[in-house]
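Coordinate inspection notes
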Amino acid sequence: MTRKRPKIGILGSGKGSNMVALHQALQSGQLDAELALVISDVENAGILDRARSSKIPAIFLDPGPFRTKLDEAAETRYVDALISAGVEWVVLAGFMRILKGRFLKTFHHRVINIHPSLLPSFPGLEAWKQALEYGVKYTGCTVHLVDQGIDTGPILWQETVPVLNEDTPDSLHARIQEAEHRIYPQAVQCAIDGRLTVRGRLCLTPTL
Ligand code: GRF
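Throughout what follows, the structure given in this document is the object of discussion.

1. Regarding the site of the ligand
The ligand sits among Gly14, Lys15, Gly16, Ser17, Asn18, Gly94, Ile114, His115, Pro116, His173, Gln177 and Glu180. At a separation of 2.8 Å, an oxygen atom of the ligand approaches a polar backbone atom of Gly16. Within the contact set of the ligand, a nitrogen atom lies 2.9 Å away from a backbone nitrogen or oxygen of Ile114. When the free accessible area of the ligand is taken as 360 Å², the share hidden by the protein chains comes to 88%. Taken together, the elements giving at least two residues each to the shell around the ligand come down to helix H1 (17-28), strand E5 (111-115) and helix H6 (169-192). Broken down by element, the shell around the ligand gets its largest block of residues, 3 residues, from H6. Here the shell around the ligand is built from residues that sort into 2 nonpolar, 8 polar and 2 charged.

Following this line, the structure appears as C-alpha cells:
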C-alpha cells in the first residue's frame, strides 16, 4: 500500500524563493509531501505569482488590522483555509507576521520557519544586515519550530555561511538564501517524517 503523502501549506509575504526551492524538491522527489496551498497576507506578493505560475493553489487572505500579527478573525480564516485544504504541516517562507493562540494550538509543533541567521543571534528583521554590522565572521540560517515568540522556537537545523570582507547586505543575503534553499527541504522532510523529538525548548534531530 502506498503511504499517503503529508500535505503542507506555505505562508509567505515576499518573493517566495524558499517556496520555489520547496516546490522543486517536491518535484524531484527529494521532499515527499504534497504542497496543498500557498497563502499570503500581501495581495501582490511574488510568492502568489510564482505559486500560480506553477499551478499551485495560492490565495491572498486578509490579515486584519494589525501590521505585525493576525487578529483573531484573521487567524480563524487562515486556520480554516489550511484545514479545508487538508494541511498537516505549515511551512513559513518569509511570512512577516507573528502567529499566536489558536493557530499554534491547531498546528502544535507543526509550524516550521526559516530565519536568515544562526539563532539566537540576530532575531527579527534583516538579520543579514545585523550580522554584517556586528562584524561576525560567520552567520547562516536556522530552521526552527514556531512558538509564540519572535524567532525563539526549538531549533531543528542550522547551516553556517561565511561573511566575507567585501560583502554588501545584498551579497551576504544572497549567500544565506542559497543555504536556505539547500537545507529547508531536508529539514521539512525530517520534521514530517516524525524524526524530531521536542523536549521543552530542545528539538532533538537525527545526526545530520
Ligand atoms: C528568507 O530569507 C527567510 O529566511 C526569511 O524571509 C526570507 C524569505 O525569502 N524568513 P523568500 O520570500 O523565500 O525569497
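Resuming the write-up.
2. Focus on the packing of aromatic side chains
Considering all chains together, one arrives at 3 aromatic pairs under this definition. For the pair Tyr78 and Phe95, a centre-to-centre distance of 6.0 Å together with 50 degrees between the ring planes defines the contact as tilted. Placement of Tyr78 in helix H3 (residues 72-84) and of Phe95 in the loop between strand E4 (89-92) and helix H4 (101-106) is noted, with a sequence separation of 17 residues between them. Given the relative accessible area of 0%, Tyr78 is considered buried.

3. Describing the pattern of salt bridges
This model, assessed by the stated rule, comprises 7 salt bridges. Asp32 is the partner of Arg5 in a salt bridge, and the nearest nitrogen-oxygen pair spans 3.3 Å. Taken together, the positions of Arg5 in the segment before strand E1 (7-12) and Asp32 in the loop between H1 and strand E2 (34-40) put the pair 27 residues apart, joining distant regions of the chain. With relative accessibility at 30%, the residue Asp32 sits in the partly exposed group. In this structure, Lys129 engages Glu126 in a salt bridge whose closest nitrogen and oxygen atoms are separated by 3.3 Å. Overall, Lys129 belongs to the partly exposed group, its relative accessible area being 29%.

4. Considering the side chain of Ser40
Looking at where Ser40 falls in the secondary structure, it is placed in strand E2. Taking the relative accessible area as the measure of exposure, Ser40 reaches 0% and is therefore buried. A distance of 2.7 Å separates a polar side-chain atom of Ser40 from the backbone oxygen of Gly12. Separated by 3.0 Å, the side chain of Ser40 and the backbone nitrogen of Val42 make a polar contact. Ignoring sequence-local partners within four residues, the contact set of Ser40 consists of Gly12, Ser13, Ala45, Ile47, Leu48, Ile59, Phe60, Leu61 and Tyr78.

Rules used in this analysis
The residue numbers shown here count from 1 along each chain, following its written sequence. Under the rules for a predicted model, residues below a pLDDT of 70 receive no local features and side-chain atom pairs below 80 are neither given nor counted, while totals for whole chains, interfaces and linings still include all residues. Think of the side-chain values as coming from all heavy atoms in the structure, minus any hydrogens and water. Each residue is tested against the molecule or strand, and it is near if at least one of its non-hydrogen atoms lies within 4 Å. Polar contacts, as counted here, are pairs of nitrogen or oxygen atoms within 3.5 Å of one another; within protein the pair requires one atom able to donate a hydrogen and one able to accept it, and residues that are adjacent in sequence qualify only if both atoms are side-chain atoms. Surface accessibility follows the Shrake-Rupley procedure with a 1.4 Å probe radius. Residue values consider only the protein chains on display as shielding. Secondary structure counts use DSSP, requiring at least four H or I residues in a row for a helix and at least two E residues in a row for a strand, with both numbered from the N terminus. Lys, Arg, Asp and Glu make up the charged group, whereas Ala, Val, Leu, Ile, Met, Phe, Trp, Tyr, Cys and Pro make up the nonpolar group; the residues left over, Gly among them, are polar. We call Phe, Tyr and Trp rings a pair once their centres come within 6.5 Å, taking the six-membered ring for Trp, and we label the pair stacked below 30 degrees between planes, edge-to-face above 60, and tilted otherwise. Think of it in three bands: with a 1.4 Å probe and only protein chains considered, a residue is buried below 20% of the maximum accessible area for its type, exposed above 50%, and partly exposed in between. One speaks of a salt bridge when a side-chain nitrogen belonging to Lys or Arg is within 4 Å of a carboxyl oxygen belonging to Asp or Glu. A contact between two residues is defined here by any heavy atoms of the two lying within 4.5 Å.

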